[in-house]
Each structure stands twice: as structure tokens, then as C-alpha cells.
Amino acid sequence: MNGANGGPKVAVVGSGPSGFYAAEALLAAEGAIEVDLIEKLPTPFGLVRYGVAPDHPKLKQVCATFEAIASHPRLAFFGNVAMGRDVTIAELRDLYDAVVVANGSSADRRLGVPGEDLRGSWSATEFVAWYNGHPDYRDHAFDLSAETAVVVGQGNVAIDVCRILAKSVDELRGTDICAHALEALAESRVRDIHLVGRRGPVQAKCAAKELRELGTLGSADVVVDPTGLTLGASCEAELADPRGAASAQNIKLLRAFAGKPRAHDRAIHIHFNLAPRAIEGPAEVRRVAFDRSRLVGEPFAQAPEPTGEVVAIDAGLVFRSVGYRGVATEGLPFDERSGIIPNREGRVVDADGRPVAGVYVVGWIKRGPSGIIGVNRACSLATVERLLADLDGARSGKTGRRALRSLLADRRVRVVDFPRWGRIDALERAAGEPAGKPREKLTSLAAMLDAAEAEHVPTAAHG
């Protein structure tokens, strides 16, 4: 597989888990493959940095694995390089033997109901990125003066939103939550948080571990109406099936919550079988209306059917958390319905189903937004297997990294390589230490780039 300019050159667009796992597989393959990770932000790690909740530090330990991958001599990190702005897919295809797109699903799915754009109506995506310090969301202003908030959706991200709203500042102070978010949450008047799902408790998408954690909060109760846990025959059949083992754990937890008395002034109220009908208010959110539904159909194929009853919850704040979708990349096909780049086993295909030569996808942009961090490893490995099969026997005449560096220098792009990211990392850790935090994230691009180019970087005493 070695060519005139050494081994094959592969560009990986996106440095989240899928991108790093793809790089790892490529570096482990025969043929001395050269891998370049291209990232829009100056910081690597994608949703591990900007999506994982600040009070879940164990999930962020995977970054140590990614750092080890990044230290490989045949890998280079190109941070602060945006597709379309600084380089195009067409240019990467000219420079590399293969391009792997790993840019995830960064957009949120909408509810599609009236009033969704009222002041006080937000996506969970925005809120999570805000409290995690994403530079594109740092200046969002969330009005937390309302006493009641509604979270629509019952996946793990929805649980994260509820937990962050319900926790006391003291419970969050020692995490890597951003200073601006901690200050705003300290002034929050939110006391009642309603977590609402379209279907029943058996169909709730959250993990039992996430649900269980709600019951350990030091300053909030979990409130569940026992009548909402009455199950029909099809739901009972789902629980009895081995495929329903996770749901059975959730039902057990929910029934335990339903039997507990209130002990705090904050509460997370969990509702089922309520489909959003409208978000109401003249200019800002005042209430959310739902259609009460019942489930009909066979086990694992049930669908909500309206009962005709309308339920309203007075609230001043709404977060929709009903899933993510990918965003189109200029120069590549995109399926608007599914929100992914169309592909066959990771090979990108056009509208006629023909392979787009040399272009591959991994992670959520390949299969949709499902699965935890570890699931992405198997997904990336499967795509890399196809890529390696396509490269087999080919000689590389591509210029790869050398030409990309020259192109970006000509365009005066301030590229952040991994050693420069290390300066940002060191500064953040040092800034967090006096407050007992693992880090205080830099949240503006200008501050990140200045830190990356600083000659002297402070170090944390225990870093």
C-alpha cells in the first residue's frame, strides 16, 4: 500500500469519539497510513468536551485514550480549521487518498408545534452547549427567573438538563461547568421541572443509570404519579421480553419514586403519554399544551393515539430534547429526511446509490444519533475496514499533510496543533485549580487562540 509519497494519506473531519476511533484503526492498519484530524474548533474531543454533563467526569476519562492516539507520530491535529471556511471537501479529496467525515449530528430536531420559537423556548442542544462552554453558545442568555420549566423528551440528554436545573450550586461548584453558567444557575428561580414523554414509561429512552441518579439529588425530589405507571398488556409483554430488560429497570425505579414523600422545595415531575400540542404565550412562554394519548398496537410496535384530552402546564421555560440530526457538508450528498450523509456500510453514496469515491462516514453522521460513546468505536472500525479494502494495493500519489499545511498557511488560518491544544489544556487546568475545579474552560475562540500561541503557560500544581 505504500506509494511514492509514503503510505496512504487519510483526512478525518471531526475530532470527537468517532473521529479518534477511526484514526486509531487507521494507524493500527498495515501500510504506514498517515492520518490528519481536522477540527472546526481549536479544541479536540467533540461531544466529550461539549456534550457530556459536567457532573459526569468519569465519562470524560476517555480523553486520555484520545490523547494517546493523538501522540502517534503518524497523526497530526489541525484545530481551528472549518470545512467550507478554510478548506473544502473537494480540496481534501484532491490532497488525500481518502476522507472520513466524522462531524456528528450537531443540529436539534424540532417539535413542529405552534409557539416553538417564543422567547423562553430553547433546544436542549443550546442549553447543554452553553453550560459546557461551547464558544458558539457562550453568549446565549437563558432567563431562569421562571419557577417552572418543561423538558420535552425523556432521553439521557433530557435527564441531564433536568439534573443541571435541579442541582444546587454547591453540587455543581466542583465540576468543570463554565463560570458563566454557574453564576446564572446560582440566581435561578426554577423550582418545578416537568420531564414529559410522548409515550409510556416502558418506552422512555433514558438509561436506568441516568434515571437512578435523579433519586440521589441533594436538593430536589422526583415526583411520579402512580396512575401514570399503569401498564397495558402490550407494555407488560415488552417487559417480559428479554429485549425489555432495560425498561424493566426503569419501571422499578419509577415505582420507587412514586412511593416517596416530598422533602425539598425543588422537584422533577415525570409525565408520560403527553404529546406536545402548542407552546403558548403572546411573546414569551407562558404554558405548554399537550394532547393526552394512549398506546395502541402490538408489543414493540405501539404508537400514541390521542384521547381527546388536552393537558396544560403553566411554565416560563421550555427545552425540547427530542433528538439530534446531522448538518449537510458542502460538496457531499445529504439525506434531509434522516439527517445523515447517505452511505452503504460507511461508503458515501450519491442520490443514485453510486459510491462517492474516497469518501466515508463514521458515527452519528453515518447512522443517526444513537448509541453511547463506546458504540462509536465499533461503528468506526467497520467503516475503516471498508476503506482499507478499497485502498488495498493502491499506491499513494497524494501530497496530504504537507500540501494542507501550505494551503492553510496561504489562507492565514491560525491552525492549532496538538501541542498548542496542550497549552489551552494546561491554562484551563491551572485556572480551575483555585476554585477546586478540574478546569475552567476558555469559552471564546480569541482566548483559545491566544492561549494556544502563548510562550508561557501556567501549570496546575497537580496537573
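See the structure printed just above.
Residues numbered from 1 in each chain as written. Predicted model: local features only at pLDDT ≥ 70, side-chain atom pairs only at ≥ 80, totals over all residues. Heavy atoms only, no water.

Q: Quick question: what am I supposed to make of the overall build of the chain here?
A: When helices and strands are counted, the chain shows 16 helices and 18 strands. Its C-alpha atoms give the chain a radius of gyration of 24 Å, within 12% of the compact-globule value 23 Å for 463 residues. The principal-axis extents of the C-alpha atoms in the chain amount to approximately 70 × 55 × 40 Å. Across the 463 residues of the chain, 52% fall into the buried class. Contacts in the chain between residues at least 24 apart in sequence constitute 76% of all its contacts with a sequence separation of at least 6. Total accessible area on the chain is roughly 20300 Å²; 51% of this is exposed by carbon and sulfur atoms. When the 57 basic and 59 acidic side-chain charges of the chain are each reduced to a single mean position, those positions are 2 Å apart. (Helix = DSSP H or I, 4+ residues; strand = E, 2+ residues; numbered from the N terminus. Rg over C-alpha atoms; globule rule 2.2 N^0.38 Å. Buried < 20%, exposed > 50% of the residue type's maximum accessible area, 1.4 Å probe, protein only. Contact = heavy atoms within 4.5 Å. Areas by Shrake-Rupley, 256 points an atom, 1.4 Å probe, with all protein chains shown as cover. Lys, Arg positive; Asp, Glu negative; His and termini not counted. Charge placed at Lys NZ, Arg CZ, Asp CG, Glu CD.)

Q: Please explain the packing of helix H1 (residues 17-28) against helix H3 (residues 63-70) as it appears in this structure.
A: The axes of two packed helices give the description: the angle between them and the distance between them. The contact between H1 and H3 brings their axes to 10 Å, and the two run at 45 degrees. The pairing of H1 with H3 is recorded here as oblique in orientation. Here H1 runs over H3; the crossing is left-handed. Packed against H1, whose contacting residues are Pro17, Phe20, Tyr21, Ala23, Glu24 and Leu27, the element H3 presents Phe66, Ile69 and Ala70 at the interface. (Axes fitted to C-alpha atoms, helices over the stretch in contact; angles between N-to-C directions. Parallel < 35°, antiparallel > 145°, perpendicular 65-115°, else oblique. Left-handed = near helix turned anticlockwise from the far one by under 90°.)

Q: Just checking my understanding: could you explain the pattern of salt bridges for this structure?
A: Applying the stated criterion across every chain, the model contains 42 salt bridges. A salt bridge links aspartate 350 to arginine 354, with the shortest nitrogen-to-oxygen separation between them at 3.1 Å. Among the residues examined, aspartate 350 registers a relative accessible area of 22% and is labelled partly exposed. Here aspartate 450 and arginine 414 are joined by a salt bridge, their closest N and O atoms 3.6 Å apart. Placement of the pair is aspartate 450 in helix H16 (residues 445-452) and arginine 414 in the loop between helix H14 (400-410) and helix H15 (418-432), with a sequence separation of 36 residues. Via salt bridges that share partners, Asp55, Asp160, Arg163, Lys167, Glu210 and Glu213 belong to a single interconnected network. (Salt bridge = Lys/Arg side-chain N within 4 Å of Asp/Glu carboxyl O.)

Q: What should I look at first to understand H16 in this one?
A: Residues that lie three or four places apart on an α-helix share one face, since the helix turns once every 3.6 residues. The complete set of buried residues in H16 reads Met448, Leu449, Ala451 and Ala452. End-on, the buried residues of H16 take up no more than an arc of 160 degrees, which puts them together on one face. Buried-residue contacts for H16 involve helix H2 (47-50) and H15. (Arc of directions from axis to C-beta.)

Q: Hey, could you run me through the side chain of threonine 329 in this one?
A: Looking at the secondary structure, you find threonine 329 in the loop between strand E15 (324-325) and strand E16 (343-344). On the accessibility criterion, threonine 329 (10% relative accessible area) is buried.

Q: Explain the sheet that holds strand E8 (residues 192-196) to me, please; I cannot follow it from the model alone.
A: Adjacent strands of a sheet form backbone hydrogen bonds with each other and so pair up, either parallel or antiparallel. Spatially, E6-E14-E7-E8-E10-E9 is the arrangement adopted by the six strands of the open sheet, whose pairing is parallel. Strands with a single pairing partner mark the edges of an open sheet, and in this sheet they are strand E6 (121-123) and strand E9 (220-224). Neighbouring strand axes in the sheet, compared pairwise and without regard to direction, differ in orientation by 20 degrees on average. Summarising the sheet, strand E7 (residues 148-152) and strand E14 (residues 317-320) pair through four bridges and their orientation is parallel. (Pairing = 2+ DSSP bridges.)

Q: Explanation requested: the packing of H15 against H16 in the structure shown.
A: Here H15 crosses H16 at 110 degrees, and the two axes come no closer than 7 Å. The pairing of H15 with H16 is recorded here as roughly perpendicular in orientation. At the point where H15 passes H16, the crossing takes the right-handed sense. Contacts between H15 and H16 involve Arg420, Arg423, Ile424 and Leu427 from the first element and Met448, Ala451 and Ala452 from the second. Of the residues that constitute the contact of H15 with H16, the class distribution is five nonpolar, no polar and two charged. (Nonpolar A, V, L, I, M, F, W, Y, C, P; charged D, E, K, R; others polar.)

Q: Can you help me understand the side chain of arginine 49 in this one?
A: Locating arginine 49 in the fold gives a position in helix H2. In this structure arginine 49 comes out as buried when scored by relative accessible area, which is 6%. Not counting chain neighbours up to four residues away, the residues in contact with arginine 49 comprise Thr43, Pro44, Asn132, Trp421, Glu428, Arg439, Lys441, Leu442 and Met448.

Q: Would you mind going over the packing of aromatic side chains with me for this structure?
A: The geometry of an aromatic ring pair comes down to the distance between the two centres and the angle between the two planes. Under the definition given, this model contains 15 aromatic pairs. For the ring pair phenylalanine 127 and tyrosine 131, a centre distance of 5.3 Å and an interplane angle of 90 degrees mean the geometry is edge-to-face. Of the two residues, phenylalanine 127 and tyrosine 131 are both situated in helix H5 (residues 124-131); the distance of four residues between them amounts to about one turn of the helix. As far as burial versus exposure is concerned, phenylalanine 127 and tyrosine 131 are alike and both buried. Ring geometry for phenylalanine 127 against phenylalanine 142: centres 5.2 Å apart, planes inclined by 75 degrees, an arrangement best described as edge-to-face. With phenylalanine 127 in helix H5 and phenylalanine 142 in the loop between H5 and E7, this residue pair connects regions lying 15 residues apart in the sequence. The exposure classification of phenylalanine 127 matches that of phenylalanine 142, with both residues buried. Cluster of aromatic residues (ring-pair linked, three or more members): Phe20, Tyr21, Phe45, Phe66, Phe77, Phe418 and Trp421. Lying across the ring of phenylalanine 300, arginine 243 places its NZ or CZ 4.0 Å from the centre. (Phe/Tyr/Trp six-rings, centres within 6.5 Å; stacked < 30°, edge-to-face > 60°. Lys NZ or Arg CZ within 6 Å of the ring centre and 35° of its normal.)

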